[in-house]
Amino acid sequence: MPDSQPQPPHSSSSPGPADTTSLLLCGARLTDGRTVDVRLDGGRIEAVGTAGSLTAEGTRACGARVDLSGYLLLPAPVEPHAHGDTALSADEGGPVSYDSQDVQRRATEAALLQLGHGATALRAHVRVGDVQGLGALAAVLQARRSLRGLTELTAVAMPRVLTGVAGAEGLAMLRDAVKMGASVVGGCPDLDPDPTGYVQAVLDIASEHGCPVDLHTDATDAARLARLAAMAGGLRPGVTLGPCGGLGRLPSQVASRAADQLAAAGVTVVCLPQGGCGGVDRRGTAPVRLLRAAGVRVAAGSGSLRDVSNPVGRGDPLEAAYLLASRYGMRPEDAYDAVSASARAVLGLPEVRVEAGFPAELLAVRGDRLSGALSLAYSRIVVHRGRVVARTSAVREFCDSAAAVELGLPRQGRGELS
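Residues numbered from 1 in each chain as written. Predicted model: local features only at pLDDT ≥ 70, side-chain atom pairs only at ≥ 80, totals over all residues. Heavy atoms only, no water.

1. As for the overall build of the protein
Heads up, the condition is: Helix and strand assignments follow DSSP, with helices taken as H or I runs no shorter than four residues and strands as E runs no shorter than two, numbered in order from the N terminus. In what follows, a contact means two residues having at least one pair of non-hydrogen atoms within 4.5 Å. To measure how exposed things are, a 1.4 Å probe is used in the Shrake-Rupley method; for residues, cover is taken only from the protein chains shown.
The secondary structure content of the protein amounts to 13 helices and 16 strands. Considering only residue pairs separated by 6 or more positions, the protein has 73% of its internal contacts joining residues 24 or more positions apart. With an accessible surface of roughly 17,900 Å², the protein has 50% of that area assigned to carbon and sulfur atoms.

2. Section: the pattern of salt bridges
Quick reminder of the rule: Counted as salt bridges are all cases of a side-chain nitrogen of Lys or Arg within 4 Å of a carboxyl oxygen of Asp or Glu.
In total, this model carries 17 salt bridges according to the counting rule given. By sharing partners, the salt bridges in this structure join Arg-292, Arg-331, Glu-333 and Asp-334 into a single network.

3. Some thoughts on the pairing of strand β2 (residues 35–41)
Selection rule: Burial classification: accessible surface area is computed with a 1.4 Å probe over protein chains only, and a residue below 20% of its type maximum counts as buried, one above 50% as exposed, and the rest as partly exposed. We call two strands paired when DSSP finds no fewer than two bridges between them.
With 5 of 7 residues buried, β2 is to be regarded as a mostly interior element. By the bridge criterion, 6 bridges tie β2 to strand β3 (residues 44–50) in an arrangement that is antiparallel. Paired with Asp-37 across the bridge in β3 is Gly-49. A loop of 2 residues connects β2 with β3, the two strands running antiparallel in sequence, and Gly-42 in this loop sits at a positive phi of about 65°.

4. Describing the sheet that holds strand β7 (residues 121–128)
Across a sheet, strands are paired by hydrogen bonds formed along the backbone, either parallel or antiparallel in direction. The condition is simple: Axis angles are defined between N-to-C directions and span 0 to 180 degrees, where every axis is a line fitted to C-alpha atoms and, for a helix, only to the segment in contact.
Across the sheet, which stays open at both edges, the 8 strands sit in the order β6-β7-β8-β9-β10-β11-β12-β13 with parallel pairing between neighbours. Each edge of the sheet is formed by a strand with only one pairing partner; in this case those strands are β6 (79–82) and β13 (298–300). Taken over all neighbouring pairs, the strand axes of this sheet differ in orientation by 25° on average, direction set aside. Bridge count for β6 against β7 is 2 bridges, and the pairing is parallel.

5. A closer look at unusual backbone geometry
Geometrically, the link from Gly-242 to Pro-243 is a cis peptide bond, its omega value of -5° lying close to zero. Its place among the elements puts Pro-243 in strand β11 (residues 239–243). Of note, Cys-244 is a non-glycine position whose phi angle comes to about 60°, a positive value. Mapped onto the elements of the fold, Cys-244 is located in the loop between β11 and α7 (252–265). For Cys-244, a relative accessible area of 0% gives the class buried.

6. What to know about the environment of Asp-91
Tracing the backbone shows Asp-91 in the loop between β6 and α2 (100–117). Residue classification places Asp-91 among the exposed positions, given a relative accessible area of 70%.

7. Focus on the confidence of the model for the protein
The condition is simple: Per-residue confidence from the predictor is reported as pLDDT, a score between 0 and 100.
With 89% of its residues at a pLDDT of 70 or more, the protein has an overall mean of 88. Note that residues 1–15 has pLDDT below 50 and, in this model, 30 contacts with residues that lie over four places away or in other chains.

8. Things to note about the nonpolar core
Where a protein is soluble and globular, its nonpolar side chains tend to be buried together. What counts, and what does not: Put simply, buried Ala, Val, Leu, Ile, Met, Phe, Trp, Tyr and Cys residues joined by side-chain atoms within 4.5 Å make one nonpolar core.
In this structure, Val-185, Val-213, Leu-241, Leu-262 and Leu-291 are the most contacted members of the largest nonpolar core, which totals 82 residues. With 7 residues, the single largest contributor to this core is helix α5 (residues 195–209). Among the nonpolar cores identified, the runner-up in size contains 20 residues, and Val-38, Leu-40, Val-354 and Ile-381 belong to it.

9. Structural notes on the side chain of Thr-240
Checked against the element boundaries, Thr-240 lands in strand β11. Not counting residues up to four positions away in its chain, the partners in contact with Thr-240 are Arg-123, Val-213, Asp-214, Leu-215, Thr-268, Val-270 and Val-346.

10. As for helix α4 (residues 164–180)
Structurally, the α-helix is built with 3.6 residues per turn, so residues lying three or four positions apart point the same way. So the rule is basically this: Each helix should span, by expectation, one fewer than its residue count multiplied by 1.5 Å. Think of it as the arc spanned by the lines of direction from the helix axis to the C-beta atoms.
Counted at 1.5 Å a residue, the expected span for α4 with its 17 residues is 24 Å, and the 25 Å between its end C-alpha atoms agrees. Buried residues of α4: Gly-167, Gly-170, Met-173, Leu-174, Ala-177 and Val-178, and no others. End-on, the buried residues of α4 take up no more than an arc of 140°, which puts them together on one face. In α4, the exposed positions angled more than 90 degrees off the buried face are occupied by Val-165, Glu-169 and Lys-179. As for α4, its buried residues are in contact with β7, α3 (135–146), β8 (152–159), β9 (184–187) and α5. Phi turns positive, to about 140°, at Gly-181, one or two residues after α4.

11. Notes on the environment of Ser-22
Here Ser-22 shows up in the segment before β1 (23–29). Taking the C-alpha atoms as reference points, Ser-22 and Leu-40, 18 residues apart in sequence, are found 5.4 Å from one another.

12. Section: helix α9 (residues 317–326)
Convention followed: Under the rule applied, a polar contact is a pair of N or O atoms within 3.5 Å (in protein, one hydrogen donor and one hydrogen acceptor; residues adjacent in sequence only if both atoms are side-chain atoms).
Those residues of α9 that sit buried are Pro-317, Leu-318, Ala-320, Ala-321, Leu-323 and Leu-324. For α9, the side-chain oxygen to backbone nitrogen distance between the N-cap and Leu-318 is 2.9 Å, and the N-cap itself is Asp-316.

13. As for the environment of Met-231
When you line up the elements, Met-231 lands in helix α6 (residues 222–232). A C-alpha to C-alpha distance of 9.1 Å links Met-231 and Thr-196, two positions 35 residues apart in sequence. Excluding its chain neighbours within four sequence positions, the residues that come into contact with Met-231 are Thr-196, Val-199, Gln-200 and Leu-203.

14. Thoughts on the side chain of Thr-217
Its place among the elements puts Thr-217 in strand β10 (residues 213–217). Since its relative accessible area comes to 5%, Thr-217 is described here as buried. A polar atom in the side chain of Thr-217 sits 3.1 Å from the backbone nitrogen of Ala-219.

15. Description of the packing of α6 against α7
Condition: Comment on the angle field: the value is read as roughly parallel under 35 degrees, roughly antiparallel over 145, roughly perpendicular from 65 to 115, and oblique elsewhere. In a left-handed crossing the near helix is turned counterclockwise from the far helix by less than a right angle, and in a right-handed crossing that turn is clockwise. Throughout, the ten residues Ala, Val, Leu, Ile, Met, Phe, Trp, Tyr, Cys and Pro are labelled nonpolar, Asp, Glu, Lys and Arg are labelled charged, and all others, Gly among them, are labelled polar.
It is at 8 Å that the axes of α6 and α7 come closest, and there the two elements cross at 10°. On the basis of their axis angle, the class for α6 and α7 is roughly parallel. When you trace α6 past α7, the crossing you get is left-handed. Every residue of α7 that contacts α6 at Ala-222, Leu-225, Ala-226, Ala-229 and Ala-232 is listed here: Val-254, Ala-258, Gln-261, Leu-262 and Ala-265. Here the contact of α6 with α7 is built from residues that sort into 9 nonpolar, 1 polar and no charged.

And the structure:
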């Protein structure tokens, strides 16, 4: 019999059609050690039962089955901090092309790469104004439309200057960006001659349109960070800051006080453990344990994906979680929360659990424990809105040897690597 389930939260529908064909995931292992069958229907989890309990019923009702024996089933991660307009531009040689077709191609390819890693939604920061005008944003929004049903992409409009005489054009551009379809307003206040004025302008426009705010800052100026927290307090649907790497370089008492101020204001911090991004000059990861201890919600993103800021960026949320656990001492469960539940909260997405009634946004990774999945998660199956949208299969074989035979390791075909 399917396990009894708590009542899931209600949520607004997300873009893209849900799969109308039910799907049965067989023999998946959960993080609590259970092995279960999971039936999906209408973009949601319809039932979860012990292994084999849904199989007979699934024969009649399910259009397809996926054997997840040997896989760990998790809520899918999401990407809360990407740069869709500059992704995959490191090898172009010369200035980044902002031709609309080039931007759309790069943004689409980057989103699909991250989907293959497991991210079924992403937030892309896009520069507006200067030489780009609104062209890069239009191209990213077109990529969003082409990805409908595969992944959910939202765009953050990032103007350069918003204060003084030069800022008038930026303000007009930001308002036009929201009208075009940018659902989040942001930017880099540290680059404006009047950072406080920049933040106020962003908050005013966000309040006018009911948009979330997502700002870049290195957080090296404690007084400026305190003013930002005071200004942001109470804004709904909320304010996100990132990557805040400079916070870890402040004296411990100063950083602790800043963390308390961010927590009191309800500000979320998105750290970038895989490297920096073009929005800030310096690298370094925010002090995640200090922030969490203060009560700040901390999510983790990828930042740059193979652009000039990080030519080897991978855009893999599981790598971000691995780094939080291995380098910054977080428990694997907390590290994965930073790229899944907390990251979903940043994007305003409903909670996902492997329980009946919750959204069918899932990631199956080869392994039986979360710690092992973060270490060696090569083979992955990604489910978005109730259907399999990406598969990655890794095969490792060893040449003939006494050790391979004794340990029962998979061996290559006869004659290979002899």
